[in-house]
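Chain and residue survey
Below are the chains, spelled out letter by letter.
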Amino acid sequence: MSPLLKSNAARPGSRHPRAVALAAWAVVALGAGVPAWAQGADALALRSTPMLSEAVPEGGEAPLHVSGDRITGRDQLETVIEGDAELRRPGLTVRADRLTYDEATDISTATGHVQINSHGDRYTGTEGEIKVEAFNGFVLQPTYQFLVNGGHGEGSRIDFIDPDRAAIRNASYTTCRRDGPDWMPDWILHATKLDIDQELDEGRAEGATLEFKGIPLIPIPSVSFPLTERRKSGWLPPTLGLDNTAGLKLAVPYYWNIAPNRDLTLIPQVMTKRGIDLGGQFRYLESDYSGIMEGNLLPADQLRHETRWGFFARHTGSFDSGIDAIGRLGLNLNLNRVSDDNYWRDFPQRGLSLTTRLLANDASLTWGRGDFSLTARALKWQALQDPLSPIVPPYDRLPQLNGRWGRDNGYAGMDYSVEADYTRFRGDTALTGQPNADRIYTLAQVSRPFLRPWGFFTPRMQVHASHYEFGSALSNGASSMDRVIPTLSLDGGLVFERDASYFGRAFRQTLEPRLKYVYTPYRDQSLIPNYDTGVYDFNFATIWSENAFAGHDRIVDNNLVTFGLTSRLLDPETGAEAVRLGIAQRYRFSGQQVTLPGGTPAAKGLSDIMLGASINWDQHWGFDSVIQYDPDKHQSTRTTLGARYSPGDYRTLALAYRRERDLGTRQVDLGWQWPLGGAPSSRVDGGGLGAGRWYSVGRLNYDLAGSKLVDAVLGLEYDAGCWVGRVVFSKLQTSTGSANKSIMFQLEFVGFSRVGNNPLRTLRNNIPNYRLLREEVVSPSRFTQYD
């Protein structure tokens with residue numbers, strides 16, 4: 001049977017030709033000479049069918065269906081359809097005033113009001129010719145709209161090469177939605193030739209000009225652009241920026257999509273105050289490892305009169321050692337190196353984490369099997385010095401070897417572990433004022449948790465043993481030192497629950513008292529230099545810790561009890577925490593004697609009281625507070641208050657207040673993202689709240705004690721549907737007396753390109769819960785534009 005199924009032509013006095021066509025299709029499809037309803041009741045039984053599939057069925061010769069007001073032709077040679085003519089096959093629909101189909105050449109010729117739908121892409125024109133199976137041919141005076149990104153336009157002629165490729169002459173292109181006959185898009189690309197390759201997800205324009213609001217912006221002899229958010233190689237749009245240290249900045253990045261799991265971006269940049277900077281970023285993602293490398297080179301900085309450079313890298317993963325007894329090894333790298341002390345101040349947005357003056361160069365090799373783990377590590381610091389605020393860098397660890405064996409719920413339900421560590425500390429003795437050293441410590445501990453739904457009790461015993469070999473003698477003449485310190489702790493708590501109701505809402509309310517006793521005998525450690533130890537911040541987590549110090553050069557002497565009480569309101573259905581209230585305090589039976597050099601020991605008696613409250617009544621409101629209260633002075637030592645209000649998408653407001661009485665600091669921090677004006681004109685898929693809406697974004701950090709603005713980020717965003725505009729001003733403190741100021745602006749032409757200096761990194765880093773106006777959206781269905 002021919003793949004072409006034809007309808008009968010209209011005859012005087014017959015039924016409507018469309019009805020005739022439908023009846024003919026039913027008869028042929030059933031393979032019988034009588035209608036379906038004449039074949040008995042069983043023919044009417046409904047049968048289950050699979051869901052509509054995005055993929056067009058393959059295999060076999062797909063049939064063609066035609067319909068129209070008048071159909072003539074010769075069987076298996078040619079068919080002529082006139083008047084509301086239509087030709088269909090899976091994935092393709094062609095409509096016109098008149099259609100001619102030649103079965104020998106598989107060519108359909110269309111004239112008058114031509115409309116084509118190919119897998120959801122739409123085309124119109126005055127006339128055209130299409131080879132149906134291969135989908136190649138042409139349409140004159142076309143308009144077009146692509147399903148993948150909503151891009152559309154018109155031209156003098158479109159040539160179809162295959163279902164994925166087309167060339168358009170004298171073309172226009174935009175993603176702005178058409179609205180009325182006199183509509184003009186906000187942005188439009190004009191090109192003498194526009195090539196579309198949907199398989200490569202690429203558009204290529206020659207002799208192009210980009211217009212925005214009717215004003216030509218950029219004449220482009222040749223440009224390629226992605227049709228979606230997928231990556232592609234090529235020149236990226238130029239970026240412009242302005243700051244007080246580099247002047248006007250112009251960068252023209254080149255992106256190389258090396259492979260689906262590797263890419264390289266080269267970023268040459270001209271800075272009017274400094275010169276030409278060469279930058280680059282390489283990313284890779286493999287099954288066993290991944291990483292990123294960034295680098296910059298400024299051969300002749302016109303301000304500093306020296307060559308400036310920076311290198312930053314991250315790597316994490318594992319590899320096969322090639323030895324069966326060892327198996328796989330983990331390798332992690334964190335490398336950060338710059339040319340000079342002023343690099344962080346002059347280029348605050350460079351690197352992967354260039355936010356402090358201490359740059360870590362850290363490499364570690366790890367192995368683990370069962371209850372055992374081993375780590376070999378090398379860590380070297382680069383300290384970026386400021387003459388007005390010098391710092392003493394931490395000690396380098398060259399190398400550090402660590403091994404651990406541990407098991408939970410082992411013999412008799414006990415948890416036990418042993419950790420051993422060797423570290424070779426090296427530093428500049430002129431800066432540190434103390435000798436270098438090799439340190440070995442062993443930490444062994446055993447505990448027996450007793451856990452019940454109504455509470456817990458955990459006795460724990462640990463022993464910390466250390467040995468030091470110093471590079472030079474201490475003040476007492478010793479070149480080595482040993483120390484063994486045991487610690488005993490008893491930790492227990494109860495959980496009481498009851499059903500409760502507050503403000504018309506049902507809760508499960510808890511009352512959770514906790515008591516912990518810790519005893520560590522005093523050992524004189526005043527002669528031991530400090531290599532890696534610091535004082536824990538006093539908060540709700542550390543008040544329950546057994547050691548007041550982080551690190552292994554000081555083990556605090558303790559004879560104290562910590563007591564606390566927590567009450568929570570839980571949703572009885574989901575278990576979500578709506579309210580948490582807590583209080584905790586310590587009582588020392590004897591005063592603390594072990595401190596760091598210059599430290600203040602805790603006295604006998606009661607400590608400050610920790611008070612905390614966290615309220616997340618619903619998904620819109622949140623409140624957190626922590627207060628450290630001195631009962632002797634009847635005043636707070638430290639206060640942190642924070643509130644968050646997020647009533648909907650792209651609406652977030654965060655306010656925080658911090659005060660530390662001992663340091664004399666009081667700061668207020670405000671961050672927000674909020675729409676301005678009235679309701680948007682229409683909803684935009686994949687965008688913000690809708691077209692034609694302004695958004696205010698920003699963060700302000702104000703020092704109340706010094707009456708000055710420390711950091712500030714202020715910006716406006718505008719979502720017009722097919723384009724997004726951003727203008728952001730930032731002032732970020734780099735030292736006590738200096739700050740980096742910059743202005744960033746960007747035009748994002750949706751579905752085409754971005755022009756300007758990208759401020760999104762600054763917005764993400766500074767504004768809590770900042771959300772992009774353009775989120776990644778799911779690919780549209782071919783049934784979206786099905787006709």
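The written sequence of each chain sets the order in which its residues are numbered from 1. Local features are withheld for residues below a pLDDT of 70 in this predicted model, meaning they are given only at 70 or higher, and side-chain atom pairs are given and counted only at 80 or more; totals for whole chains, interfaces and linings count all residues. Side-chain descriptors were evaluated using all non-hydrogen atoms of the structure, hydrogens and water having been removed beforehand.

1. Details of the overall build of the protein chain
Numbering goes from the N terminus for both helices and strands, where a helix is a DSSP run of H or I of at least four residues and a strand is a run of E of at least two. Check the secondary structure of the protein chain and you find 4 helices and 49 strands. For the protein chain, buried positions account for 40% of its 787 residues. At a minimum sequence separation of 6, the contacts of the protein chain that also span at least 24 residues come to 47%. Remark: exposure states derive from per-residue accessible area (1.4 Å probe, protein chains only) relative to the maximum for the residue type, with buried under 20%, exposed over 50%, and partly exposed in between. Any two residues having at least one pair of non-hydrogen atoms within 4.5 Å are treated as being in contact.

2. So, the packing of aromatic side chains
We describe a pair of aromatic rings using the distance from one ring centre to the other and the angle between the two ring planes. Classification of ring pairs rests on two measures: the distance between centres of Phe, Tyr or Trp rings, Trp counted by its six-membered ring, which must be within 6.5 Å, and the angle between planes, read as stacked under 30 degrees, edge-to-face over 60 and tilted in between. By the definition in use, this model includes 27 aromatic pairs. Centre to centre, the rings of W187 and F749 are 5.5 Å apart; their planes meet at 55°, and the pair counts as tilted. Within this pair, whereas W187 is found in strand 13 (residues 187-197), its partner F749 is found in strand 48 (residues 738-749), the two being separated by 562 residues in sequence. Of the residues examined, W187 reaches a relative accessible area of 0% and is grouped as buried. Between F507 and W617, the aromatic rings sit 5.3 Å apart at their centres with planes inclined by 55°, giving tilted as the arrangement. Of this pair, F507 sits in strand 34 (residues 505-520) while W617 sits in the loop between strand 40 (609-615) and strand 41 (621-630), and the two are 110 residues apart along the sequence. Ring pairing ties together the aromatic residues Y173, W187, F212, W694, Y718, W723 and F749, which thus form one cluster. Both a distance and an angle decide whether a charge sits over a ring: NZ of Lys or CZ of Arg must be within 6 Å of the ring centre and within 35 degrees of the ring normal. Positioned above the aromatic ring of F450, the side-chain terminus of R448 is 4.3 Å from the ring centre. The aromatic ring of Y650 is capped on one face by R771, whose charged end is 4.5 Å from the ring centroid.

3. Here we look at the confidence of the model for the protein chain
Scored by pLDDT, the protein chain comes out at a mean of 85, with 86% of its residues at no less than 70. Scored from 0 to 100, pLDDT reflects the predictor's confidence in each residue. Note on residues 1-43: pLDDT is under 50 here. Beyond four places in sequence and across chains, it has 53 contacts. Across residues 680-687, confidence stays below pLDDT 50; counting only partners more than four residues off in sequence or on other chains, it has 26 contacts.

4. So, the nonpolar core
Definition used in this section: a nonpolar core is a set of buried Ala, Val, Leu, Ile, Met, Phe, Trp, Tyr and Cys residues joined via side-chain atoms within 4.5 Å. Ranked by internal contacts, the top residues of the largest apolar core, which has 48 residues, are I116, Y173, W187 and L194. Every residue in contact with L194, bar those within four places of it in the chain, is listed here: Y144, A166, A167, I168, A171, Y173, R204, A205 and F225. Among the nonpolar cores identified, the runner-up in size contains 10 residues, and A246, M271, L359 and L384 belong to it.

5. Some thoughts on the side chain of E294
Among the secondary structure elements, E294 is positioned in strand 22 (residues 289-298). The exposure class of E294 is buried, given its relative accessible area of 13%. We define a polar contact as two N or O atoms separated by no more than 3.5 Å, with the added condition that, inside protein, one atom must be a possible hydrogen donor and the other a possible acceptor, whereas residues neighbouring each other in sequence contribute only through side-chain atom pairs. Engagement of the side chain of E294 in a polar contact is seen with the side chain of Q281, the distance being 2.8 Å.

6. As for the environment of E78
Relative to the helices and strands, E78 resides in strand 4 (residues 78-89). Along the chain, E78 and D106 lie 28 residues apart, while their C-alpha atoms are 9.5 Å from each other.

7. Examining the pairing of strand 33 (residues 496-502)
One bridge is not enough; two strands pair if DSSP finds at least two bridges between them. Pairing between strand 33 and strand 34: 7 bridges, direction antiparallel. When the bridges of strand 34 are listed, D499 appears paired with R508. Two successive antiparallel strands, strand 33 and strand 34, enclose a turn made up of 2 residues, where F503 displays a positive phi of approximately 55°.

8. A word on the state of the cysteines
Covalently bonding the sulfur atom of one cysteine to the sulfur atom of another cysteine gives a disulfide. In this description, a disulfide is simply a cysteine sulfur pair whose atoms lie within 2.5 Å. Overall, the coordinates contain 1 disulfide when judged by the stated rule. Linked covalently through their sulfurs, C176 and C722 form a disulfide whose S-S length is 1.8 Å. In this structure, the disulfide formed by C176 and C722 twists by about 65° around the S-S bond and is classed as right-handed. You can see C176 sitting in the loop between strand 12 (165-173) and strand 13 and its partner C722 sitting in the loop between strand 46 (708-719) and strand 47 (723-735), a full 546 residues away along the chain. Of the residues examined, C176 reaches a relative accessible area of 2% and is grouped as buried.

9. Description of unusual backbone geometry
For the peptide bond that leads from L398 to P399, omega is 0°, which places it in the cis range. By secondary structure assignment, the location of P399 is in strand 27 (residues 396-407). Of note in this structure, F503 is not a glycine but carries a positive phi near 55°. Inspection of the secondary structure puts F503 in the loop between strand 33 and strand 34. You will see that Y650, though not glycine, has its phi angle at about 60°, which is positive. Looking at the secondary structure, you find Y650 in the loop between strand 42 (635-648) and strand 43 (651-660).

10. Brief notes about the side chain of N336
Relative to the elements of secondary structure, N336 occurs in strand 24 (residues 328-338). Given the relative accessible area of 4%, N336 is considered buried. Reaching out from N336, the side chain makes a polar contact with the side chain of N334 at a distance of 3.0 Å.

11. A short note on the pairing of strand 19 (residues 254-259)
By the bridge criterion, 2 bridges tie strand 16 (residues 234-235) to strand 19 in an arrangement that is antiparallel. Paired with G234 across the two strands is Y255, which belongs to strand 19. Here 4 bridges tie strand 19 to strand 20 (residues 262-271), and the two strands are oriented antiparallel to one another. Opposite Y254, over in strand 20, you have L266 as the bridge partner.

12. Considering the environment of Q673
In this structure, Q673 sits in strand 44 (residues 665-676). Counting along the chain gives 23 residues from Q673 to Y650, while the straight-line C-alpha distance between them is 6.2 Å. Other than its neighbours up to four places away in sequence, Q673 contacts Y650, R651, T652, S696, V697, E717, N769, Y770, R771 and L773. Separated by 2.9 Å, the side chain of Q673 and the backbone oxygen of R771 make a polar contact.

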